[in-house]
Amino acid sequence: MADPVVAELNERFGTANTELSPDVIYELQSIMRLHELDVQDMFFKWESYCIKLDMDQPTMSMSTVRKFKQDLQDTLERANRAQALEQVKTEKRPGGTPRPGARNNSDVFGMLDGLTTPAARRAAKLGSARKTPMGTPISRLKNEPVSSPMKLEAQLDAMGAIPPSSFKDRLNAGEVIEILNENLPAPEPPIAPFGESRIKLTAASDQKKLGYKPLAMKLSETSEILDDRIDDFTTLVLEHHKLDESVSGSAAMQSTTEIVAVGRIASDSSEGKLNAASLVLETSRRTGGGFRVPLNVSKLKGYQFFPGQIVALRGTNTRGREFTVNEVLRMPLMRNAASTLETMAAHRERLRGGPDAMDTDDENPMPLNVIFASGPYTADDNLDFEPLHTLINEAADTYADAVILAGPFIDAEHPLIASGDFDLPEEAVYDPDAATMSTVFKYLISPALNRLVSANPNVTILLVPSVRDVIDRHVSWPQDPFPRKELGLHKSIKIIGNPMTLSLNETVVGISSQDALWELKHEELIGGMVEDTNGLSRVARYLIEQRHYFPLFPPTDRTKLPKTGRQVIDGQAAPGAMLDISYLKLGEMVNVRPDVLIVPSALPPFAKVIESVLVINPGYLSQRKRAGTYARMTLYPPKLSEADAAPGGMLAHRVFERARVEVTRI
């Protein structure tokens, strides 16, 4: 009987037609024993290693596996040295949020229905003397060190989940790790906030449609949505390539005539990763009766596919058993965003910030300053939200014009939130019998955001929910904005849907907190010579070509997603994509290609120009055990010239040429 571990190693690290050699398997098993890893965890580290070296996953040879093994060993030694230095320090972190002596037996999900938190109920019985202060970085200076160890924190430390570190002791704070368009200067911040808002906000997505009833999918509606997507792309492909309808046909029908077949990439197995042997094309019921036909891609010099991808293939099915692909046609792109000269001039004038603004340069108003960040916003061992407070201080000091924050804000996968073993700040005034997770948001998140509004009254703040947000009852994606009632937010702070397409002045911005990039990178199938060898830009290009914020279907198995803090405690996998197939059309990009596409991901943060779209992954502001990253975009005003205008007086925005993007460590 075959060894299941060897079989899984072949599935993860082998190719479609070739199994790993015994020597390579022995080395991989040696790595698993040495680092106490299972196959899945080792595969995640292998993917990170490939991304770090900016290469596609190569064939696993002895040379490759030994370099991988050495990299893991070097990383472990660096971590041990850093931990040894931390242990030398005698300073104890003040103001810890976990409750000492609390029992780890509460259920956070009961709070979604407005039930009282177990922490609040016990706090009412034990009295305020038992409360552990939970302040901001400012108020934390007044707190005294905790005299006794925290049960949950000690449990996490015992598991090796959290090293003894502090946010204030983080290394390389403020370091800019990537700059796009470095030729554009980094302007000095204004000496005072502008008298008027310099941003006109316009929604392109119909946010009301996101308020659908979740968890009510019907099989008939689901199949219609999937079919409609294939049929829509069929029309687009025929028009773009100027093909007659007679050329289009079903890949499942036997014929010696070459046809163009449009369908969805799928696997013939519900388990395992997509490979060349399991590759099938799923047709729509209108064009092919919904049949699935195996694909023969041996004639292609190179290919890149992922489950759910809509493709147009030129080829034949001579024997009725498989469709032999001769060519993969390019999918038509959406048109670039453009505005009239009059509209662009009005937006340029708005950048002056009002008639009383101290702007001495009549020709060039100051550029827009926009900050993008994504949750989680605090480390796994506390609920101090120090990264968030630091980001807000940075936005206030530089008088940012807009701050766009993607969830999760109160993360259901945070160990302390999942267990309920925490207290609210000492200054919080609330009824313990009526406290909910909205109360937690009100006292842990809202004060920082409201402080930014006080420092800069005309700042634009946008909050994007996540399927991991505890405060949001809408658990499916696409996702309705969470209700602002009882959150204590300033009225100028706006909560938008997930995903959302909107305009900041003339700039079209698309944003989704769903981590589509990581799942696409994990599920894609690469063969032969591909045009784009950079894995990060390739998966971002999929979103633009497929015109969708989450084109993968089905999504990645929850058990294969990156581990969360909660999973360390109770073993439950992350919630995953939580797709509501009946409403997937709400996840499509609207009308035009976005000028800026914000896609937070667990992949390394980046800023790239892909098909005239500025794609930004700001990273996560907090990465469980360490501080994360955010992105700042400095957008210079457009140059207005009738000579550059297209027929009809429309002028392309060309944001990718006039935007400087800095990815920075918090």
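What you see is a predicted model; the values in this text were computed from it and never measured.

Conventions adopted
Residues numbered from 1 in each chain as written. Predicted model: local features only at pLDDT ≥ 70, side-chain atom pairs only at ≥ 80, totals over all residues. Heavy atoms only, no water. Helix = DSSP H or I, 4+ residues; strand = E, 2+ residues; numbered from the N terminus. Buried < 20%, exposed > 50% of the residue type's maximum accessible area, 1.4 Å probe, protein only. Contact = heavy atoms within 4.5 Å. Areas by Shrake-Rupley, 256 points an atom, 1.4 Å probe, with all protein chains shown as cover. Pairing = 2+ DSSP bridges. Axes fitted to C-alpha atoms, helices over the stretch in contact; angles between N-to-C directions. Salt bridge = Lys/Arg side-chain N within 4 Å of Asp/Glu carboxyl O. pLDDT = per-residue confidence, 0-100.

K.L.:
Looking at this structure, how should I read the overall build of the chain?
P.N.:
Per the secondary structure count, the chain includes 17 helices and 24 strands. Expressed as a percentage of its 666 residues, the buried residues of the chain come to 53%. A sequence separation of at least 24 residues applies to 76% of the contacts in the chain between residues at least 6 apart. In the form shown here, the chain has an accessible surface area of approximately 30300 Å², with 51% of it arising from carbon and sulfur atoms.

K.L.:
Is there a simple way to explain helix α13 (residues 446-455) in this structure?
P.N.:
Each α-helix winds once per 3.6 residues, and so residues spaced three or four apart point in a common direction. Of all the positions in α13, only Ser 446, Ala 448, Leu 449, Leu 452 and Val 453 are classed as buried. Where the residues of α13 are buried, they touch α10 (386-397), β11 (402-406), α12 (437-444) and β12 (460-464).

K.L.:
I keep staring at the sheet that holds strand β17 (residues 596-598) and nothing clicks. Help me out?
P.N.:
Remark on secondary structure: sheet strands pair via backbone hydrogen bonds, oriented parallel or antiparallel. Across the sheet, six strands lie side by side as β2-β14-β15-β17-β19-β18; this open sheet has mixed pairing. Strand pairing shows two members of the sheet lacking a second neighbour, β2 (201-203) and β18 (606-610), which therefore form its edges. Each adjacent strand pair in this sheet contributes to an overall mean axis angle of 25°, direction not counted. Looking at chain direction, strand β15 (residues 507-511) and β17 are connected through three bridges and run parallel. Pairing of Ile 511 across the sheet is with Ile 598, part of β17. Helix α15 (residues 535-546) contacts β17, β18 and β19 (613-617) of the sheet and is inclined by roughly 55° relative to β18.

K.L.:
Even after reading the chapter, I still don't get the pairing of strand β3 (residues 255-267), so can you show me in this structure?
P.N.:
A regular strand carries its side chains on alternate faces of the sheet. The sheet contact formed by β3 and strand β7 (residues 310-317) spans seven bridges and is antiparallel. When the sheet's bridge partners are listed, Arg 264 is paired in β7 with Ile 310. Here β3 pairs with strand β4 (residues 279-282) via four bridges, running antiparallel. Within the sheet, the bridge partner assigned to Ile 265 lies in β4 and is Leu 281.

K.L.:
Got a minute to help me understand the pairing of β18 in this structure?
P.N.:
Across five bridges, the pairing between β18 and β19 is antiparallel. Bridge pairing links Val 609 to Leu 614 in β19. Here β18 hands over to β19 after two residues, with Glu 611 in that stretch at a positive phi of 50°.

K.L.:
What should I look at first to understand the sheet that holds β3 in this one?
P.N.:
Spatial strand order, β3-β4-β5-β8-β7: five strands in a closed barrel with mixed pairing. Across the sheet, the mean angle from the axis of one strand to that of its neighbour is 55°, orientation sign disregarded. Relative to strand β8 (residues 323-329), β7 runs antiparallel, the two sharing five bridges. Residue pairing across strands places Thr 316 opposite Thr 324, the latter belonging to β8. Contacting β3, β4, β7 and β8, helix α7 (residues 219-240) crosses the sheet at an angle of about 135° to β3.

K.L.:
What exactly am I supposed to notice about the pattern of salt bridges here?
P.N.:
Close approach of charged atoms lets side chains of opposite charge pair. Applying the stated rule across the entire model yields 22 salt bridges. With a closest N to O distance of 2.6 Å, Asp 227 and Arg 285 form a salt bridge. Linking Asp 227 in helix α7 with Arg 285 in helix α8 (residues 285-288), this pair joins segments that are 58 residues apart in sequence. Accessibility expressed as a relative area gives 48% for Arg 285, which makes it partly exposed. Within the structure, one salt-bridge network assembled from shared partners comprises Arg 229, Asp 232, Lys 585 and Glu 588.

K.L.:
What should I look at first to understand the confidence of the model for the chain in this one?
P.N.:
Detailed reading of predicted coordinates is not advised where the pLDDT is low. In this model, the chain carries an average pLDDT of 83, and 84% of its residues clear a pLDDT of 70 or more. Confidence drops under pLDDT 50 across residues 89-97; counting only partners more than four residues distant or on other chains, this segment forms 32 contacts.

K.L.:
It is not clear to me how the environment of Phe 306 should be interpreted in this structure. Could you clarify?
P.N.:
Following the sequence through the fold, Phe 306 ends up in the loop between β6 (302-305) and β7. Along the primary structure Phe 306 and Ile 526 are separated by 220 residues, whereas in three dimensions their C-alpha atoms are 8.9 Å apart. If we skip the residues at most four places from it in the chain, Phe 306 touches Ile 265, Leu 274, Leu 520, Glu 523, Glu 524, Tyr 542, Gln 546, Pro 551 and Leu 552.

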